[in-house]
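Residue strings, one per chain:
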Amino acid sequence: MVHFLHPSRVPRSLVPPDARKDAQGWRVVQEEASPYPLVDICLNVLIANLEKLCPERPDGTLCLPEHWNFPQEVADHFLGMMTWQGRLTDKTASIFQGNQMNLKLVSIQKAKISASAFIKYFCHQKLIEVDATAVHSDLPVPDIIRGLCSSNWIQQNLRCLLLDSASVPHNSRPLSFGQLTGLRTLSVFNVWFHSEDLANVSQLPSLENLDISNTQVTNISALLTCKDRLKSLTMHYLKCLTMTKPQVFAVIRELKCLLHLDISGHKQFRSDLAFDLLQQKDILPNIVSLDISGSSYITDRAVEQFIQQRPAMQFVGLLGTDAGYSDFFTAKQGLKVAGGASLSQILEALSRYRNRSCYMRKALHRLFTETFSVHVTMPAVLQLQKNCLLSLTNARILTDVPFDRLSAARFVLGWLYKDENPKIQTMAVSIFSILALQLTREQVTQLDEDLFMAVKELLAIVKQKTTENIDDPTLLFSLKALWNLTDESPATCKHFMENQGLAICIQVLETFSESTIQRKILGLLSNVAEVRELSAKLMTEDVVKHISTLLHSEQIEVSYFAAGIIAHLTYDKQSWLLCDLQRSALLQDLHASIQKWPSSRCKMSALVTYRSFKTFFPLLGNFSQPAAQLWALWAVYHVCSKNPSVYCKMLAEEGGLQLLCDIQVDGQANPQAQQIAVSILEDFRMHFTSYRRFPLC
C-alpha cells in the first residue's frame, strides 16, 4: 500500500495518529494514493520563489513575467494559498495588477495589505466573491466598500462579501453598501455595525443571506424591508438588542421566505429567546434550519413539537442545551442535529461550529467523553478514537482542559491493551503516565480490574524493552506511569510486587546506567518502601546492593531517591533483627551521603513533587534515627522552598508544623536537623504571615 503526505488548508479527513507537520508548517494528512496535486506543487514553488521569478518594478513592487497568464481557477487558488501562507503583502499583491491574473474569488483573510493596494491590485478584477475575514486594520471596512464600489461591474455582480472581524474606525460615517446591488450574501459578524447600517443593507435588492451576529444592532425592524427575499438570517449574540421578545417575533413572523435562522446563545449571553420562539405556532412556516445551541430552558418535547409542525426541517442546533437526547432525533429521517447527545450529533457540531471557539470546546469535550466510553470495531469510529488519543498527547489539553480523567484513563488503557502498533503504544503510555499523576487516590482505586491490568501491561513493556536493551521513550513513559500509579497507593504497590515488579526493576538497573532511568526506578521502589507491609520484601541482597551503590551517585536526584528508600527501609528495627550491623552501616552511609549534598534549596534537574507529607511524619518523629530524620527534613525543605504556596500550606494542614517545632526544641535532635526545621518554619512565617489557623512554636 502506497501512502503520500498530502498538505491541505482544511484536512479532508481526521488526522491519524502519525500526523506530522511539513516544512511549511501546514497540517499533513495521510491519504492512500493521494499525492500532492501538481498545480499545488507548482504554485508552492512559485510562492517560495516570488522574488526570484518575478521582476521588480521601479517602485519596488513585483510583476509577473510578460508571457505568464493564469486561468481564473488557478489565479483564485494561487491567491488563496498566498494568503494562507502569510505571503500576501503590498509588495507581493502587486503581481495581481493588470490582466495576467483573472480573479473572481478573492480571499484575503487576515492579510496585512493597505487600502491603496487592495483597490489598485484587486478592484479592477471581475470579482463575484470577496472574503476579507479578520483582514488587518490597515484595510478597514469603509475602504473595502469604497474600493469595490469603484467598479461598475463589481457593483452589479459581486454576490458574496464576508467582512467578519474586520475593523471599522469609530469616527467613520454609517457604512454604505447601497451601490452593491448584486450582493446576495453579506456577513458582518463581530463588526462595528449599527442599526442604521442594517437599514442601509436591508434595501439591497438581491440580499438573501445576512449575518449580523455580535454587532451593535439594537433594532432589527429594518429587516422588514427585505422580508420577501431574505432566506438566511444569523444573529447570535446581539448583546445590544433593545427590542422586547414580542417585538422580535413580530419581525421574524413577517420573514416568510426565511429558510435558516440562527439565534444560538453565547457563553457570555445565554438567552431564553429560543425557548419562547419554540412556543410560537404561526412563525417560520418554511424554516429548514434552526440553530438554538447554547440557549436556556430548551427541552426535547418543545423541540419535537416545533419540528413536527414544520416537517421540512433538515437541521437543528442543540449543542449546550438539555435537548437532543430523545429517540425522536435519531428516528426522524433527513434531520441533522448538532448537539452532544451522540457521536453523530457531536460530529455535526464539529463540522458546523469551526469558527465558534466556545462551541468547538463543548463539542470536543463531548467527543472525548463519548469516545472514552465507546467500544466498537467500526473503522471510522476506531480512527476517530485514534484522533482523540492523538489530541491527548497535547500537554496543554492534558493539564489545562477540564474533562473526565478517570474515563480518559480507562479509554487510554483500552488502547494500551488491544493495539500492538508501537506508535499507538507509545502515545497511550505517555498519556497514561501523566493521567496517573492527575488521578486522585480514590480514582486510582476505582480503576479496579483496569488497575491490575495496567500494572501488568506496563511491567510487560518494561521487561520487553529491558530484555531487548532498548532505551526509548516507551520505556521511560512506562516507568513514569508505574511511578505515578504506585504513589500513595498500597493496592497498586501490591499489584506491582505480585507481578514480579521487583525482579524487573533489578533487571532494569543491571541493564541501564542512565540517571533518568535510575531515578524512575528508585522513585517507584520508594513508593513501595513507604508501604510498611511491603517494605520488608525489599530487603534482599540485590536491592540493598543496588540502593547502596546508587546512594553515592554523582547525580543528586539519584542519590536523593536512594536515600529515601534507605530511610524508609531502616525505620522498622524489628525487620533488621538478624542483620542489625547492616542496618547501622546503611544509616551511617545515609548520613555521610547527605553531608555531601548541596543545600536543600538546590535545583534538581527533575522536579520533585508529593501528594502528601504523611509518609514523612514517622521519620520526622523518630529521634532514634537521626540520619532518616535528616533526610525527611531535607526533602520537606526542598519542596517547600521550591513551591511554598503549595507545600508550606500542605505541611500545616496535615499537622507537620508541630513535628518541626518538636525537632527545634528537642535536646536530642541533630543540630543540622534543628537548623533545617528552623529554616522551614521561617519560610512558613514569611509566606503565610496572615495564616492564623495553625499556631507556630
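Parameters and conventions
Residues numbered from 1 in each chain as written. Predicted model: local features only at pLDDT ≥ 70, side-chain atom pairs only at ≥ 80, totals over all residues. Heavy atoms only, no water. UniProt positions renumbered as here; feature names shortened; annotations may be inferred. Helix = DSSP H or I, 4+ residues; strand = E, 2+ residues; numbered from the N terminus. Expected span 1.5 Å × (residues − 1). Contact = heavy atoms within 4.5 Å. Patch = residues over 30% accessible without salt bridge, like charges linked within 9 Å, V, L, I, M, F, W, Y side chains within 5 Å. Areas by Shrake-Rupley, 256 points an atom, 1.4 Å probe, with all protein chains shown as cover. Salt bridge = Lys/Arg side-chain N within 4 Å of Asp/Glu carboxyl O. Lys, Arg positive; Asp, Glu negative; His and termini not counted. Charge placed at Lys NZ, Arg CZ, Asp CG, Glu CD. Pairing = 2+ DSSP bridges. Axes fitted to C-alpha atoms, helices over the stretch in contact; angles between N-to-C directions. Phe/Tyr/Trp six-rings, centres within 6.5 Å; stacked < 30°, edge-to-face > 60°. Buried < 20%, exposed > 50% of the residue type's maximum accessible area, 1.4 Å probe, protein only. Lys NZ or Arg CZ within 6 Å of the ring centre and 35° of its normal. Core = buried A, V, L, I, M, F, W, Y, C linked by side-chain atoms within 4.5 Å. pLDDT = per-residue confidence, 0-100. Parallel < 35°, antiparallel > 145°, perpendicular 65-115°, else oblique. Left-handed = near helix turned anticlockwise from the far one by under 90°. Polar contact = N/O pair within 3.5 Å; in protein donor to acceptor, adjacent residues only side chain to side chain. Disulfide = S-S within 2.5 Å.

The protein has the name Protein zyg-11 homolog A isoform X6 in an unreviewed UniProt entry, where Heterocephalus glaber is given as its organism. The UniProt entry for the protein carries the following comment under Sequence similarities (unreviewed entry): "Belongs to the zyg-11 family."

A. Seen up close, helix 20 (residues 449-467). Between its first and last C-alpha atoms helix 20 spans 27 Å; for 19 residues at 1.5 Å apiece the expected length is 27 Å, and the two agree. Looking at the buried side of helix 20, the elements it contacts are helix 17 (405-418), helix 18 (422-438), helix 19 (441-446), helix 21 (473-486), helix 22 (490-498) and helix 23 (501-511). Of the residues one or two after helix 20, Asn-469 is the one with positive phi, at around 55°.

B. Structural detail: a positive patch on the surface. A cluster of basic side chains, namely Lys-104, Lys-126, Arg-159 and Arg-184, defines a positive patch on the protein surface. Secondary-structure assignment places Lys-126 in the loop between helix 5 (115-122) and strand 4 (129-131).

C. Molecular detail of the sheet that holds strand 6 (residues 185-187). With parallel pairing, the ten strands of this open sheet are ordered in space as 3-4-5-6-7-8-9-10-11-12. In the strand order of this sheet, the two ends are held by strand 3 (105-107) and strand 12 (336-338), each with one partner. In this sheet, adjacent strand axes meet at a mean angle of 5° when their direction is disregarded. Relative to strand 11 (residues 315-317), strand 10 (residues 289-291) is paired through three bridges, and the arrangement is parallel. Looking across to strand 11, one finds that Ser-289 is bridged to Phe-315.

D. Broad picture of the packing of aromatic side chains. Per the stated rule, a full pass over the model turns up 18 aromatic pairs. Pairing Phe-613 with Phe-616 gives two aromatic rings, centres 5.9 Å apart and planes at 85°, and the pair type is edge-to-face. Given a relative accessible area of 0%, Phe-613 falls into the buried group. A residue is classified by how much of its surface remains accessible, and Phe-616, at 1% relative accessible area, is buried. One aromatic cluster is present, built from ring pairs that chain together Trp-483, Tyr-560, Phe-561, Trp-597, Tyr-610, Phe-613, Phe-616, Trp-631, Trp-634 and Tyr-647. A cation sits over an aromatic face here: Lys-239 above Tyr-237, 5.0 Å from the ring centre. If you follow Arg-310 out to its NZ or CZ, it ends over the ring of Phe-306, 3.7 Å from the centre.

E. Structural view of the nonpolar core. Residues Phe-432, Tyr-560, Phe-613 and Trp-631 are the most contacted members of the largest nonpolar core, which totals 132 residues. The contact partners of Trp-631, leaving out residues within four places of it in the chain, are Tyr-560, Ala-563, Gly-564, Ala-567, His-568, Ile-594, Trp-597, Phe-616 and Leu-619. Of all hydrophobic cores here, the second largest spans 99 residues; its members include Cys-54, Val-130, Ile-220 and Ile-287.

F. Structural context of the pattern of salt bridges. The final tally for this structure, using the stated rule, is 16 salt bridges. Here Asp-272 makes a salt bridge to Lys-245, at a shortest N to O gap of 3.2 Å. Of this pair, Asp-272 sits in the loop between strand 9 (260-262) and helix 10 (273-277) while Lys-245 sits in helix 9 (residues 245-254); the two residues are 27 residues apart in sequence, bridging distant segments of the chain. Overall, the relative accessible area of 29% leaves Asp-272 in the partly exposed class. In this structure, the salt-bridge partner of Asp-450 is Arg-410, at a minimum N-O distance of 3.4 Å. Note that Asp-450 is positioned in helix 20 and Arg-410 in helix 17, a separation of 40 residues in sequence. When salt bridges with common partners are traced through the structure, they connect Lys-245, Asp-272 and Asp-276 into a single cluster.

G. View of the confidence of the model for the protein. The pLDDT averaged across the protein works out to 87; a share of 90% of its residues lies at or above 70. Low pLDDT, under 50, characterises residues 1-33; the predicted model gives this stretch 76 contacts beyond four residues in sequence or across chains.

H. Spotlight on unusual backbone geometry. For Asn-214, which is not glycine, the phi dihedral falls at a positive 50°. Structurally, Asn-214 is set in the loop between strand 7 (209-211) and strand 8 (232-234). Exposure remark for Asn-214: the relative accessible area of 11% places this residue in the buried category. Of note in the backbone geometry, Glu-488 takes a positive phi value of approximately 55° without being a glycine. Relative to the helices and strands, Glu-488 resides in the loop between helix 21 and helix 22. Glu-488 sits in the partly exposed class, given a relative accessible area of 28%.

I. Up close: the packing of helix 20 against helix 23. Between helix 20 and helix 23, the shortest axis-to-axis distance is 10 Å and the interhelical angle comes to 30°. The angle between helix 20 and helix 23 places the two elements in the roughly parallel class. For the pair helix 20 and helix 23, the sense of crossing is left-handed. Listed contacts from helix 23 to Leu-459, Val-462, Lys-463, Thr-466 and Thr-467 of helix 20 are Gly-501, Ile-504, Gln-507, Val-508 and Thr-511.

J. Quick look at the environment of Val-444. One can find Val-444 in helix 19. For the pair Val-444 and His-687, spaced 243 residues apart in sequence, the C-alpha to C-alpha distance is 33 Å. Not counting chain neighbours up to four residues away, the residues in contact with Val-444 comprise Leu-439, Leu-451, Leu-485, Ser-489 and Thr-492.

K. How the structure looks around the environment of Val-528. If you trace the backbone, Val-528 turns up in helix 24 (residues 515-529). Its relative accessible area of 0% is what places Val-528 among the buried residues. For the pair Val-528 and Asp-487, spaced 41 residues apart in sequence, the C-alpha to C-alpha distance is 8.3 Å. Those residues in contact with Val-528, other than ones at most four positions away along the chain, are Cys-493, Phe-496, Met-497, Leu-534, Ser-535 and Leu-538.

L. Main features of the side chain of Ser-94. Looking at the secondary structure, you find Ser-94 in the loop between helix 4 (90-93) and strand 3. Judged by its relative accessible area of 0%, Ser-94 is buried. Polar contacts involving the side chain of Ser-94 include one to the main-chain carbonyl oxygen of Leu-62, which spans 2.7 Å. If we skip the residues at most four places from it in the chain, Ser-94 touches Arg-57, Thr-61, Leu-62 and Tyr-121.

M. Structural view of the state of the cysteines. Applying the stated rule across the entire model yields zero disulfides. Here Cys-257 is not cross-linked by a disulfide; its sulfur's nearest cysteine counterpart is in Cys-226, at 10 Å. With no disulfide partner, Cys-602 has as its closest neighbouring cysteine sulfur the one in Cys-640, 14 Å distant.

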